[in-house]
Amino acid sequence: MFDNSVKAYTQACEVIPGGVDSPVRAFKSVGGTPPFIARGEGAYMYDVDGNKYLDFVQSWGPLIFGHCDKDIETAVMKTVKNGLSFGAPTELETLLAKEIVEMFDHIDKVRFVSSGTEAVMSAIRLARGVTGKDDILKFEGCYHGHSDSLLVQAGSGLATFGTPSSPGVPADLTKHTLLCEYNNIENLKKCFEDSDDISCIIIEPVAGNMGLVPASQEFLQACRELCDANGALLIYDEVMTGFRVSLTGASGILDAQADIITFGKVIGAGMPVGAFASSKKIMDHLSPDGTVYQAGTLSGNPVAMSAGLTSLRKLKANPSIYNELSDKTLRLVNGFKRVANENNIPLQVNARGSMFGFFFCEEEPTNIKEVAKCDFDRFAKFHHEMLKKGFYFACSQYEAGFMSTVVTNEEIDACISAASDVMKDF
Ligand SMILES: *Cc1c(COP(=O)(O)O)cnc(C)c1O
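Fair warning: this is a prediction, and the values are worked out from it, not measured in the lab.

**Details of the site of the ligand**
Okay, so step 1: Taken together, Ser115, Gly116, Thr117, Tyr143, His144, Gly145, Glu204, Asn209, Asp237, Val239, Met240 and Lys265 are the residues near the ligand.
Okay, so step 2: At a separation of 2.6 Å, an oxygen atom of the ligand approaches a polar side-chain atom of threonine 117.
Okay, so step 3: Side-chain polar atom of aspartate 237 to a nitrogen atom of the ligand: 2.7 Å apart, as the coordinates give it.
Okay, so step 4: For the ligand, the accessible surface in isolation is 380 Å², of which the surrounding protein chains cover 82%.
Okay, so step 5: Among the residues forming the shell around the ligand, the class breakdown is three nonpolar, six polar and three charged.

Shown next, in the form of structure tokens:
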């Protein structure tokens, strides 16, 4: 049933490291061969063996309207006909920036890039440039792309300063990255005692890269207050949550607000787009107005802009989408919880807007150490059995799930019923 995918994977492995262009796609944490995808349509993906999957990954978040949304497709095709890239300004960039600026009270200007990694990397440079400080503070379990200074893990002993989590990253670069436990206010305060050179805190306000683990309101408030008291900037990395958790992302459901927000994923609707945004005062430090350098040959690419613009306008014009998405997401995770209970299987479920997570463990995790204690074997089994039944979930307990507007309640109920069958055999 996966013969063609196995063949495609073998061939890919000969010419591409691990057969994939981003490690998580290789299914290493659940084992087995990743299905190679031939095409998508609406809520479904079809692999090269003709298997059909109800897609809860959606390219890891961007496809809030599912695959091949007609409006986005039409806009992209129309733009393509006028040329793919110019390396000169186009009005589409202004239009997309305007949509974003209008949504947020505290955002005046936006700069577009081509990925979430680039957005975060640039936002951090900006924070360092504005404050004149070198250290950055990040949290264990939050992912901010693969730039050098963010690939850190906890150092040995009590050191707050991170050590590289990948060969190829010089320790000299990560020594400016302080690492702190998520949702731990005491730990956070200690970091500010250890360093008087902190330029910014970067955080996923609703973390989606250790499963779904939201930060508490008190924790984010503490982040805000410590930044203010120490002349540091607060960066919300909303690459995953932006336009997803609500129209205004996690910022829209939280009290504490950030100085800089980074975007990615939904902002490009499946095309490579990232962005970072802030007040005029902060953004004016950016080249060419200011001295903080940042650039990109394909930044603000017109085809990508037209996809993002169409998607954001659709979301803005139909605010009820978010309630519907949230209802559907809750229907799914509550259904999972119910069938887990019926089968005496400890399962924790979580949802924020159209993002969800589920953990095979006794108590809801609040940080990465607690997530690491979950039953990964059970997760792997669940993943595989659901895949065989035609339900495509993220292939790791460290990843979040995503609901799209095109999934129906009937499909969700079928998914819950499949989960029930799988859990009966655990
Ligand atoms: C996906 C993600 C990134 C990285 O974005 P890329 O487009 O993969 O470079 C950064 N931060 C968060 C929170 C993400 O989820």
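**Observations concerning helix α1 (residues 3-15)**
Okay, so step 1: When the terminal C-alpha atoms of α1 are compared, their 19 Å separation across 13 residues agrees well with the 18 Å that a helix rising 1.5 Å per residue should span.
Okay, so step 2: All of the buried residues along α1 are Ser5, Ala8, Tyr9 and Ala12. Along the axis of α1, the buried positions cluster into a sector of 100°, meaning they face one direction only. Seen from the open side of α1, the exposed residues pointing more than 90 degrees away from its buried face are Asp3, Lys7, Gln11 and Glu14.

**Topic: the domain arrangement of the protein**
Okay, so step 1: Annotation of the protein at the domain level lists domain 1 (3-56 + 319-424) and domain 2 (70-317).
Okay, so step 2: Of note, the centres of domain 1 and domain 2, computed from C-alpha atoms alone, are 26 Å apart.
Okay, so step 3: Listed by partner, the interface residues are 24 residues for domain 1 and 25 residues for domain 2.
Okay, so step 4: Of the roughly 2000 Å² buried between domain 1 and domain 2, counting both surfaces, carbon and sulfur atoms make up 62%.
Okay, so step 5: In terms of surface lost to domain 2, no three residues of domain 1 exceed Tyr322, Arg352 and Met355, which account for 33% of the buried area on that side.
Okay, so step 6: At the boundary of domain 1 with domain 2, the tally comes to two salt bridges.
Okay, so step 7: Where glutamate 181 meets lysine 369, a salt bridge forms, and the shortest distance between an N and an O atom there is 2.9 Å.

**So, empty space enclosed by the protein**
Okay, so step 1: Under the definition given, this model contains one cavity of 30 Å³ or more.
Okay, so step 2: Computed from the structure, the largest cavity encloses a volume of approximately 70 Å³.
Okay, so step 3: Along the walls of the largest cavity sit Gly211, Phe356, Gly357, Phe358, Phe379, Phe393, Ala394, Ser396, Gln397, Glu399, Ala400 and Gly401, which together make up its complete lining.
Okay, so step 4: Among the elements that take part in the lining of the largest cavity, strand β16 (residues 355-359) stands out by supplying three residues, more than any other.
Okay, so step 5: A per-class count over the lining of the largest cavity returns six nonpolar, five polar and one charged.

**Re the pattern of salt bridges**
Okay, so step 1: Enumeration over the complete set of coordinates arrives at 19 salt bridges.
Okay, so step 2: In this structure, lysine 316 engages glutamate 102 in a salt bridge whose closest nitrogen and oxygen atoms are separated by 3.0 Å. Linking lysine 316 in helix α9 (residues 302-317) with glutamate 102 in helix α3 (residues 91-103), this pair joins segments that are 214 residues apart in sequence.
Okay, so step 3: Classification of lysine 316 as partly exposed rests on a relative accessible area of 25%.
Okay, so step 4: Sharing partners across several salt bridges, the network here consists of Glu99, Glu102, Arg313 and Lys316.

**Here's the deal with the nonpolar core**
Okay, so step 1: If you look at the biggest cluster of nonpolar residues, it comprises 113 residues, and the most contacted ones within it are Phe139, Leu188, Ile203 and Phe243.
Okay, so step 2: Element by element, the count of residues in this core is highest for helix α10 (residues 320-342), at eight residues.
Okay, so step 3: Shared between two domains, this core holds at least three residues of each, these being domain 1 (3-56 + 319-424) and domain 2 (70-317).
Okay, so step 4: The residues touching phenylalanine 243, leaving out its near neighbours within four places in the chain, are Ile64, Ile100, Met103, Phe104, Gly249, Phe263, Val266, Ile267, Leu312, Leu315 and Tyr322.

**Observations regarding the packing of aromatic side chains**
Okay, so step 1: This model, assessed by the stated rule, comprises 22 aromatic pairs.
Okay, so step 2: Summarising the aromatic geometry, the rings of phenylalanine 139 and tyrosine 182 are spaced 6.2 Å apart at their centres and angled 75° between planes, so their arrangement reads as edge-to-face. Separated by 43 residues along the polypeptide, phenylalanine 139 in strand β5 (residues 135-139) and tyrosine 182 in the loop between β8 (177-180) and α6 (185-194) bring together distant segments of the chain.
Okay, so step 3: Here phenylalanine 139 falls in the buried class, since its relative accessible area comes to 0%.
Okay, so step 4: With a relative accessible area of 1%, tyrosine 182 lands in the buried category.
Okay, so step 5: Among the aromatic residues, those joined into a ring-pair cluster are Phe56, Phe336, Phe356, Phe358, Phe360, Phe379, Phe382, Phe393 and Phe426.
Okay, so step 6: When the ring centre of tyrosine 44 is taken as origin, the NZ or CZ atom of lysine 52, which lies over that ring, is 4.4 Å away.

Reading guide: rules and limits
- Residues numbered from 1 in each chain as written.
- Predicted model: local features only at pLDDT ≥ 70, side-chain atom pairs only at ≥ 80, totals over all residues.
- Heavy atoms only, no water.
- Near = heavy atom within 4 Å.
- Polar contact = N/O pair within 3.5 Å; in protein donor to acceptor, adjacent residues only side chain to side chain.
- Areas by Shrake-Rupley, 256 points an atom, 1.4 Å probe, with all protein chains shown as cover.
- Nonpolar A, V, L, I, M, F, W, Y, C, P; charged D, E, K, R; others polar.
- Helix = DSSP H or I, 4+ residues; strand = E, 2+ residues; numbered from the N terminus.
- Expected span 1.5 Å × (residues − 1).
- Buried < 20%, exposed > 50% of the residue type's maximum accessible area, 1.4 Å probe, protein only.
- Arc of directions from axis to C-beta.
- Domains from an automatic or database assignment.
- Contact = heavy atoms within 4.5 Å.
- Buried area = accessible area lost by both parts, 1.4 Å probe.
- Salt bridge = Lys/Arg side-chain N within 4 Å of Asp/Glu carboxyl O.
- 1 Å grid on protein atoms, 1.4 Å probe; cavity = no way out; pocket = protein on both sides within 12 Å on 5 of 7 lines; lining within 4 Å.
- Points joined across faces, edges and corners; volume = space filled by probe spheres on them.
- Core = buried A, V, L, I, M, F, W, Y, C linked by side-chain atoms within 4.5 Å.
- Phe/Tyr/Trp six-rings, centres within 6.5 Å; stacked < 30°, edge-to-face > 60°.
- Lys NZ or Arg CZ within 6 Å of the ring centre and 35° of its normal.

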